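# Notes for the structure review
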Amino acid sequence: MDKLLKIRKVEYKISIIIILVALSACLTFYFHHIVGYGKVFTHFFYVPIILATLWWNRKGLVVPVILAIMLMISHLMFQRNVPVIDDMFRSLIFILIGFVFALTSERITESGEKLRESEQLLKTILAGAPIPTFVIDASHTVIHWNNALEEMTGILAADVVGTKDHWTAFYQTERPCMADLLIDESSEDLCTWYDSAASCTESQYGEQAFEATEFFPDLGNEGKWLRFTAAVLKDTQGNVIGAIETLEDITERTLAEEKIRESERKLKTIVEGSPIPTFIIGKDHRVIFWNQALEELSGVTAEEAVGEKKPWEAFYDRERPCLADLIADERFDEIPRWYEGVYRKSDLAEDAYEATNFFPTLGKNGKWLRFTAAALRDSKGSMIGVIETLEDITDRRRIEDAIKESEQRLRAVIEGSPIPTFVIDQDHKLLYWNKALEEMSEIKASDIIGTNQQWRAFYDKERPCMADLLVDSLFEEIPRWYVGKYHKLKLIEDAYEAIDFFPALGSGGKWLRFTAAALRNSKGIVFGAIETLEDITARKLAEEALKESEMRYMELSITDGLTKLFNSRHFYAQLKAETERARRYGHPLSILMLDIDDFKNFNDTFGHLEGDRVLMRLGQVITRCLRKTDSGYRYGGEEFTLILPETKGEAAIALAERIREEFEEEIFTPGHDKKINKTVSIGVTEYVRGEALSDFLKRVDEGMYTAKSLGKNCVHFAKHSSIEQYQLEG
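As the structure is a prediction and not an experimental result, all values here were calculated from the model.

Looking now at the overall build of the chain. Along the chain, the regular secondary structure elements total 23 helices and 26 strands. Per-residue burial for the chain yields a buried fraction of 43% across its 730 residues. When contacts within the chain are restricted to residue pairs at least 6 apart in sequence, long-range pairs at least 24 apart make up 49% of them. When the accessible surface of the chain is summed, it comes to about 39,700 Å², and 53% of that surface belongs to carbon and sulfur atoms.

And the structure:
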């Protein structure tokens, strides 16, 4: 339908031009041939000339050319008594006027295209932002509902944009959202709507902005806790044109990372509207930006600060350099003098420092601030200024630090980022390789930018990075290269995260968590990819140490400390598992129960220390005789048990006899000249499919006591009604 209307519109314009040109031809004939006067009527020619060049730009110049030719032909045919130079001059004027209007129209069209492109970029950024967001206009109609909010609420933008039903995403009955209350200028009653909320406060850094925390039982499977912030939107005249509301899921994390990307024409608005107190100075120390949050924090207005070289007045009672001033002059060696004991240098970003200090002149009783200053550099690495952000940690220790920069300062922001980052274009050529990544990879940006050798930093031979796969939309190839190590991010389209070990990084290799996302233009076409990396080596080593500690603890919890065999608690767990396996698959299973003969008398005669030596020696004999599938246990006191999977009664008797014989040969010397041999009595039985575990244990116990009663130092097979009985004596 839109294409048909466009075609009809073009046909309509062509018809108008044809009519006007025809009318011009009639006028030319009338005034030249009939009236014989040809000066005034040619002003009518400007109408089709202007319309044609405005509608079709340079293509429309065909109209003034046609009119000029028509005028000259008419002159030659009917106006031979008039100098030809007059009509030649008019013809030239037609073409010049057409050319001027064609150029003007082209510039207007180009400006409109740039404006639409900028608006489309803004919509794309908002739609792709990971922070759930919606925007309503002054009539409470939803005009934006981004993808992240679709994921959070399960409501598609197509179902809510253009309606006033945004409340349905959060409440069961109709009621105003915080954004609605701000548009209606109901801020004085706003918190009464959130009596059940954990908190509802007016933002101390933003005009007509509030935030609250509340539980929404209808979100997700079990409801969600959200911290949401709303602020009014005003035009340049200060009129309210709508409101924006952002939501943060704090069910599993306390602070969500806020990513705001705006176009160049919004740079000043973003910086001034940022809730993080921020100022920027140029290389000459003059303040370029001084946002409203900093006005609230310091009591110094932007009007007083911008253009001046006195940022110190907001924080100190006498003139002295701020951290940003020292970095602007590259006087890094003077930083300890002014911030001794309270500063540190960033590990990943060059020319970036942070400090924590108390400022007694701020507020009623002073404030503790954590402040960070970093150099801003252009594409050639030359310093163009310094940005300093401040965080009030008097009541809270963390404030989200959002850096909002325009497209012209993108390189400066990436270069100054402490997060190792690289960006590639659609041909896999490196566009950016920031300082933090230089530090991590030990590869200079100047040596690698412009190449497609990003793999060199991480692998010993050429292979695609995750960003390379996303540029080519080879999503099905990701499992091949990162099997078991990756997952897809839910809130960002075409974004993946993985964890892997890179032995080529550092002296002993590094564990990295890396995230890659495709970059798209305003038309949705992929033009590159960005990949960020985080060194989690210390965390992984801590996790491995914890696992090793847990395994060691588990081993100790199931092991007898004296004999190094398993303990009785582990015996019952293993016996239950083995009997269930034997019952399920019909495989044979046998157990042994051993008791040291006359152990109490030996213990009473020679003491517990000598008795412990006997127990340890028996444990060693059992360990030597066990097969890989068997397991031995200290059952209690001088009693021991063995579990023999896949073993019938005859084989179990043979193993028991081997243990009995080897232990009998062990020599003990509890006295100086006394040598003693000890013996064991062993009961053996085989599991009968379907019998109770208690009957199985009772039968082997009876077998051991039968061996005792038969004279000790023997092996006795305790039969079941379906099994032949065996008895071996030593």
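Next, the rest of the story.
Structurally, Glu580 is set in helix α19 (residues 568-585). Separated by 110 residues in the primary sequence, Glu580 and Gly690 place their C-alpha atoms 9.3 Å from one another.

In this structure the tally under the stated criterion is 36 aromatic pairs. With a centroid separation of 6.4 Å and 70° between ring planes, the pair formed by Phe315 and Tyr316 is classed as edge-to-face. We note that Phe315, like Tyr316, is buried. On the numbers, 6.3 Å between centres and 65° between planes, the contact of Phe458 with Tyr459 is edge-to-face.

Once that is clear, we can look at a negative patch on the surface. There is a patch of like negative charges on the surface, built from Glu303, Glu304, Glu308, Glu313 and Glu319. Looking at where Glu319 falls in the secondary structure, it is placed in the loop between α10 (302-305) and α11 (323-328).

The next subject is the environment of Ile384. Summarising the element assignment, Ile384 is placed in strand β12 (residues 383-392). The residues touching Ile384, leaving out its near neighbours within four places in the chain, are Gly282, Lys283, Leu376, Arg377 and Asp378.

What follows deals with the packing of α19 against helix α23 (residues 693-709). With their axes 11 Å apart at the nearest point, α19 and α23 run at an angle of 115° to one another. Comparing the axis directions of α19 and α23 gives the class roughly perpendicular. Our pair here, α19 against α23, has a crossing hand that is right-handed. Along its contact with α19, which presents Phe571, Tyr572, Leu575, Lys576 and Thr579, the element α23 presents Leu693, Phe696 and Leu697. Taken together, the residues of the contact of α19 with α23 break down into 6 nonpolar, 1 polar and 1 charged.

Attention shifts here to the sheet that holds strand β7 (residues 278-282). In a beta sheet, neighbouring strands pair by backbone hydrogen bonds and run either parallel or antiparallel. Across the sheet, which stays open at both edges, the 6 strands sit in the order β8-β7-β12-β11-β10-β9 with antiparallel pairing between neighbours. The open sheet has two edge strands with one neighbour each: β8 (287-290) and β9 (343-345). Neighbouring strand axes in the sheet, compared pairwise and without regard to direction, differ in orientation by 15° on average. Alignment of strand β11 (residues 367-377) against β12, held across 9 bridges, turns out to be antiparallel. Residue pairing in the sheet places Thr372 in a bridge with Thr389 of β12.

Here we come to the packing of helix α21 (residues 608-625) against helix α22 (residues 649-664). Axis separation between α21 and α22 bottoms out at 10 Å; the angle between their running directions is 140°. In terms of orientation, α21 and α22 fall into the oblique class. The element α21 and its partner α22 pack so that their crossing is right-handed. The segment α21 lies against α22, with Val614, Leu618, Val621, Ile622, Arg624 and Cys625 engaging Leu655, Arg658, Ile659, Glu662 and Phe663. Grouping the constituent residues of the contact of α21 with α22 by class yields 8 nonpolar, no polar and 3 charged.

The next point concerns the sheet that holds strand β17 (residues 510-520). One open sheet accounts for 6 strands, arranged β14-β13-β18-β17-β16-β15; its pairing is antiparallel. In this open sheet, the two strands that pair with only one neighbour each are β14 (430-433) and β15 (486-488). This sheet shows a mean twist of 15° between the axes of neighbouring strands, independent of strand direction. As defined by bridge partners, strand β16 (residues 495-502) adjoins β17 across 8 bridges and the pair is classed as antiparallel. Counted as the bridge partner of Glu497 is Thr515 from β17.

Scanning all chains against the criterion turns up 30 salt bridges. Of the charged contacts in the structure, one is a salt bridge between Arg331 and Glu334, with a shortest N-O distance of 3.3 Å. The class for Glu334 is partly exposed, based on a relative accessible area of 23%. With a closest N to O distance of 3.9 Å, Lys435 and Glu438 form a salt bridge. Taken together, the residues span about one helical turn, with Lys435 and Glu438 both in helix α14 (residues 435-441) at a distance of 3 residues. With relative accessibility at 28%, the residue Lys435 sits in the partly exposed group. A residue is classified by how much of its surface remains accessible, and Glu438, at 13% relative accessible area, is buried. What you see here is one network of salt bridges that share partners, running through Arg617, Arg624, Arg658, Glu662 and Glu666.

A few words on α22. In this model, α22 (16 residues) spans 22 Å end to end at C-alpha, consistent with the 22 Å of a helix rising 1.5 Å per residue. Buried within α22 are the following residues: Gly649, Ala652, Ile653, Leu655, Ala656, Glu657, Ile659, Arg660 and Phe663.

Once that is clear, we can look at the confidence of the model for the chain. When pLDDT is averaged across the chain, the result is 81; 83% of the residues are at 70 or more. The low-confidence segment residues 254-264 (pLDDT under 50) makes 26 contacts with residues lying over four places distant or belonging to another chain. Scored below 50 in pLDDT, residues 723-730 makes 25 contacts in the model with residues more than four places away or belonging to other chains.

As a general feature of sheets, a regular strand has side chains that alternate between the two faces. Counted residue by residue, strand β19 (residues 589-596) has 8 buried out of 8 residues, so it is predominantly covered. Burial along β19 is two-sided: the face carrying Leu589, Ile591, Met593 and Asp595 and the face carrying Ser590, Leu592, Leu594 and Ile596 are both buried. Of the pairings in the sheet, the one linking β19 to strand β24 (residues 680-686) comprises 7 bridges and is antiparallel in character. Opposite Ser590, over in β24, you have Glu686 as the bridge partner.

What follows concerns the nonpolar core. Counting 32 residues, the largest nonpolar core has Trp290 and Phe315 as its most contacted members. Mapped by element, the contributors of at least two residues to this core are β7, β8, α9 (292-298), α10, α11, β10 (352-359), β11 and β12. The element best represented in this core is α11, accounting for 5 residues. Membership of the second largest hydrophobic core comes to 31 residues, among which are Tyr194, Cys200, Leu219 and Val232.

How each quantity is defined
Residues numbered from 1 in each chain as written. Predicted model: local features only at pLDDT ≥ 70, side-chain atom pairs only at ≥ 80, totals over all residues. Heavy atoms only, no water. Helix = DSSP H or I, 4+ residues; strand = E, 2+ residues; numbered from the N terminus. Buried < 20%, exposed > 50% of the residue type's maximum accessible area, 1.4 Å probe, protein only. Contact = heavy atoms within 4.5 Å. Areas by Shrake-Rupley, 256 points an atom, 1.4 Å probe, with all protein chains shown as cover. Phe/Tyr/Trp six-rings, centres within 6.5 Å; stacked < 30°, edge-to-face > 60°. Patch = residues over 30% accessible without salt bridge, like charges linked within 9 Å, V, L, I, M, F, W, Y side chains within 5 Å. Salt bridge = Lys/Arg side-chain N within 4 Å of Asp/Glu carboxyl O. Lys, Arg positive; Asp, Glu negative; His and termini not counted. Charge placed at Lys NZ, Arg CZ, Asp CG, Glu CD. Axes fitted to C-alpha atoms, helices over the stretch in contact; angles between N-to-C directions. Parallel < 35°, antiparallel > 145°, perpendicular 65-115°, else oblique. Left-handed = near helix turned anticlockwise from the far one by under 90°. Nonpolar A, V, L, I, M, F, W, Y, C, P; charged D, E, K, R; others polar. Pairing = 2+ DSSP bridges. Expected span 1.5 Å × (residues − 1). pLDDT = per-residue confidence, 0-100. Core = buried A, V, L, I, M, F, W, Y, C linked by side-chain atoms within 4.5 Å.

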